[in-house]
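An overview of the molecular structure
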Amino acid sequence: MSVVTQQTIPAISVTNLSHAFKGHQALSQVTFCVMPQTLHGFVGPNGAGKTTTLKAICTLLKPSWGEIQVFGSSVRADPISVRRRIGFMPDHFSMYRQMTVFEYLDFFAAAYGLQLKQRDQVIHDVLTLTDMDGRRNDLISGLSRGMQQRVSLARVLVHDPDLLLLDEPASGLDPRARIELMEILRELRRMGKTVFISSHILSELAELCDSVTIIDRGQVKFSGPMEVLLESSDELPTYNLRLAAVYDNVITRIRELPGVNDVKEPEFTTGRDFNIQLASSLSANDFLKSLLTLDLPISSFSQQRRDLNQAFMDLTTRGVRT
Amino acid sequence: MIPELPLLRRELAELSSRRRTYVIRFVGAIIVLTTVMVYYNFHMALLGSSISGFGSANPHRFLGAGAPIFRGLVPVLFVSVQLLMPALICGSITIEKERNTIGTLFVTRLSPMTIVLEKLGSRLVPMFTFLLLTFPVLAVVYSLGGVETTFLLGTLWLLFCECLLHASIGLLCSSWFATTVTAFIWSYGLTGLLAVFSSLFAHDLPLALPTPYYLWIAAFQGFNSSGYGNNSLLSQSSSGFLHPLAQMLFVVATTIPSLMVTAVMVLMARVFLVRRAFISSASVMLKVFKSIDGFFVRLNDRTTGGMVLMKDYTSLPLFDPVAWRERSKKSLGKARYLFRILVVMEGPTLFICVGAATVSARSDFSGLRDLLLLVWGIVAMILAMKGATIISTERVRETLDALLSTPLTAKEILTQKVAGMQRLMMVLAIPILSVHFTLLLLNVDFREIMSSPATILIVVWYTLGFILTTFLTMQILVWLAVLFGLRSQSQSRSAMTGICLIAGWVIVSSFLGRPGGYVFEAFSNICQSIQQGDSSRSGSENNETPTMQLNQTIAAVICCMIRADGGIQANEGVLVAVGNPYVEKTELYYAPSRSIHAALTVATVVFLWQVLLLLLIRMLTLRLAPRMLGRFDQESEYHTPEVQHFTSPSGTISEMIA
């Protein structure tokens, strides 16, 4: 029963959130919801209001208007219990450089009120999870950027929060460190954590996230499952076709089929790949039936999806915010 | 062809867009102009009262009155330069280092010397504009007569040299140090040292001094045994026969050492600008301590083969992590580093105290009181700087957000931060307590005291009083500094705000609350008028002396309450009362010290007031803390949070890993 309740209460529920800095409207009627045990991407151009939203969620900013709830607790009314359930990793390294890794984690474990006898085990566990156990006695100042980011992630996990709020966790990391970080995030999702991640690296978010919120100029442009975002488009359905070999007049022959609007051969291909745009009235199944009548050996046939980059560009506005 | 000077233009544009520039200029102008008005009115009143009867209404009697007013005004201008110039220039180069923009400057066509000179120029311009504000007043004073043209022009030249000298000191500090805070402290430290050095040798070697202020005194005012008198160099050497142009040349010639020192410092600033452009901003003190550590470890290895009697105890935080970090991870928190600070401060203090006890036969021991003042000055500066930067350091190092996202309340964070400073306060209190204790030993005859139990109690009271007052005053300074520095975004700004505001409080309250000062006289007069009213109603004649003493005691209490050192002053009254040493009437505690009961009452009242003041400042700081730190806390959360247990619905990380 408790599991059901846990599932039905959103991890984050933001309703009509608005905030202004000295007359500048940073957020305007921002509304979105993040379900528990999911990995939710939060993307937007620079100055869109991502960090402001994150800070409001993690109780570091009092919004001018609106309501935020974390696992049903109001951020405004009960910030202390919210802080206990979240782990916030800012977009900069919050490191005490003169401490060792262990001291740093122990410091935050104490700040979260963990009992002394528990701390050693917990720190060992989070360091194992982030693959930093071998460096526990190293000074933080001597660690590489990627390692510092791992320690920072370990710090976020030290009080075992249900919700992780990560602001640009992969910024400044090399490709290996970035891939390893994403692996850790996947592992955390598998462990039942809710991860709310703000990032500019859209390709990785597309692979990683279950749902996404796109924000631009303080307003939410899209919020929902990643699948919906990538499939939703005002354009006509387009399919990718690959043939087993190269044939003559393929484009003309396909174009003559009923319900086909357009056929293009993508650039830099070997003559076996085609993009086929169908009329909205024609189903993929019917088209496939008529395609088989042409007696062409088909290697693969799939619907063309928007990638996150394209969706992002479609939804956000060009130029800087004034 | 006029050079383009892009850096100077940028700096001036930046300075003009800062609100602080106008605030400083406005406050400075108010202070200078008020001083001028006070001098002007004082001299005019003096002149008016000296002439009575026939001819007293003649306006010509004021002719020639410009000279004394001018002599009173010019030191204010020199002191203004000494106080403002370091603050203006100390951040000129360090700010480029802090913003990581110095490399960008180096790759432009600007040479290092051009950068240094344009930085110098950019800070001299606001200083000159500030001085220009006083020129209309100088013109009025000049028009009263008595100020020779040589005197005026010589003063202006010396003021110019003073600006250059102090600007070059600040510039050198700015190019040497990595942070504005360090450059700020060292600029004022060097300025203070120069002032002390100059005042020591001013009598004997006036022309060899590099400080234009003392050259001005030597040239136009002169020194005598009790201070300054009319035995100036120009009046002695020329006897009135030296041509004005020759007098001017003489003044200019005397400034050659000062200008040479300035030039050397500018050149050094140019050298260090390049050499120390990318130095680490890590704590200088920590570096010094670490290098000393290394030296002693090597020495220990050679002499004893590395034998260690007491090893460093490595602790971990229990439930006060912020206080633990302040104690264990900061250079001014670690026990062994604090011990070194104690040795550095306590060594000379004890030496002077023992010297005073063995050599001095007098009972006033004014030297020890000056030493107390000096030690308190150093202590107040350290505490103000440390307290004011307690949050801005976290902000600058971007660690504040992580700390604020924990369940620790703003109150707990601040309380633990200040608690982490307790060790430092205890160490800094030791030299102060040493001086107090020496004063007690020197002022009190213990053979007499032992015969009377009441006197023993009073001595114990005094001892407890100076211990408690010392810690109380330190706590007030720290909490005030924390309050002032809470909102600042940079360490330099918070340190400057903390130090300047506390220094302002100390100076202004000491000026207003001194015996014979405005507050003292005002309250003395109010009490007197009330008592006169009562006596007229009752129709009885009161004894004059006790009434006056009572008035002055009440005024002393009020003054002690507004002064930063009020508790110390009030407590000294007890010592004077019980020890009965010589005390001058100009001391604040003179009136209460005439009677032991009055002295004890005053000390108690002032102590209680300071406790109340501390509580108020602390409460205000803690109440403002959540907003100032940039987050919101509940009102009801001001209690220790319960210990967090692992109750995650999805199980612990350990369980999940398993």
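Every value quoted in this text rests on a predicted model; they were computed, and no experiment measured them. (Residues numbered from 1 in each chain as written. Chains lettered and ligands numbered in written order. Predicted model: local features only at pLDDT ≥ 70, side-chain atom pairs only at ≥ 80, totals over all residues.)

Take the domain arrangement of chain B next. Put simply, an interface is often sized by how much accessible area is lost when its parts join up. Residue and element names in this part refer to chain B. In terms of domain boundaries, chain B breaks down into domain 1 (6-49 + 61-275) and domain 2 (321-637). Taken together, the seven residues of domain 1 in the interface contact six residues of domain 2. Here the side of domain 1 that touches domain 2 gets four residues from one element, more than from any other, and that element is helix α9 (residues 180-201). Here the side of domain 1 that touches domain 2 is composed, by residue class, of four nonpolar, three polar and no charged. (Domains from an automatic or database assignment. Contact = placed C-beta atoms within 7 Å. Helix = DSSP H or I, 4+ residues; strand = E, 2+ residues; numbered from the N terminus. Nonpolar A, V, L, I, M, F, W, Y, C, P; charged D, E, K, R; others polar.)

Glancing now at the pairing of strand β6 (residues 86-89) of chain A. All names here are of chain A. Side-chain alternation along β6 places I86 and F88 on one buried face and G87 and M89 on a second face that is also buried. The pairing of β6 with strand β7 (residues 163-167) spans four bridges and is parallel. Bridge pairing in β7 links F88 to L165. (Buried ≥ 20, exposed ≤ 12 C-beta atoms within 10 Å, placed from the backbone. Pairing = 2+ DSSP bridges.)

Glancing now at the environment of S203 of chain A. All names here are of chain A. Of note, S203 is situated in helix α8 (residues 202-208). Residue S203 is classed as exposed on the basis of its 10 C-beta neighbours within 10 Å. Spatially, the C-alpha atoms of S203 and D307 are 7.9 Å apart, while their sequence positions differ by 104 residues.

Residues and elements named next belong to chain A. Strand order across the open sheet formed by six strands is β6-β7-β8-β3-β9-β10, with mixed pairing between neighbours. Every other strand in the sheet has two partners, leaving β6 and β10 (219-225) as the edge strands with one partner each. If you compare each strand with its neighbour and ignore which way they point, the axes differ by 15° on average. Sheet topology places strand β9 (residues 211-216) next to β10; six bridges connect them, and they run antiparallel. If you follow T213 over to β10, its bridge partner there is S223. Relative to β7, helix α2 (residues 50-57) is tilted by about 150°, and along the sheet it contacts β3 (39-43), β7, β8 (194-198) and β9. (Axes fitted to C-alpha atoms, helices over the stretch in contact; angles between N-to-C directions.)

Further remarks concern the packing of helix α8 (residues 149-176) of chain B against helix α13 (residues 256-275) of chain B. When two helices pack together, you describe them by how their axes are tilted relative to each other and by the distance separating the axes. All names here are of chain B. Relative to each other, α8 and α13 sit at 20°, their axes nearing to 8 Å. Taken together, the axes of α8 and α13 are roughly parallel relative to one another. Handedness of the crossing formed by α8 with α13: left-handed. Together, C161, L164, L165, S168, I169, L171, L172, S175 and W176 of α8 and S258, L259, V261, T262, M265, V266, M268, A269, F272 and L273 of α13 make up the contact between the two elements. Its residues assigned to classes, the contact of α8 with α13 shows 15 nonpolar, four polar and no charged. (Parallel < 35°, antiparallel > 145°, perpendicular 65-115°, else oblique. Left-handed = near helix turned anticlockwise from the far one by under 90°.)

Looking now at the nonpolar core. Formed by 214 residues in total, the largest nonpolar core has its most connected members in V158 and L165 of chain A together with L477 and A481 of chain B. In this view, L165 of chain A contacts L54, I57, C58, I86, G87, F88, M89 and F196 of chain A; residues no more than four positions away in its chain are not counted. (Core = buried A, V, L, I, M, F, W, Y, C linked by C-beta atoms within 7 Å.)

A few words on the sheet that holds strand β5 (residues 73-74) of chain A. Residue and element names in this part refer to chain A. Strand order across the open sheet formed by four strands is β2-β1-β4-β5, with antiparallel pairing between neighbours. Looking at which strands have only one partner, the edges of the open sheet turn out to be β2 (24-34) and β5. Both strand β1 (residues 12-21) and β2 contribute to a ladder of seven bridges, which runs antiparallel. The residue bridging H19 from the neighbouring strand is L27, located in β2. Its contacts with the sheet put α2 on β1, β2 and β4 (65-70), and the angle it makes with β1 is roughly 120°.

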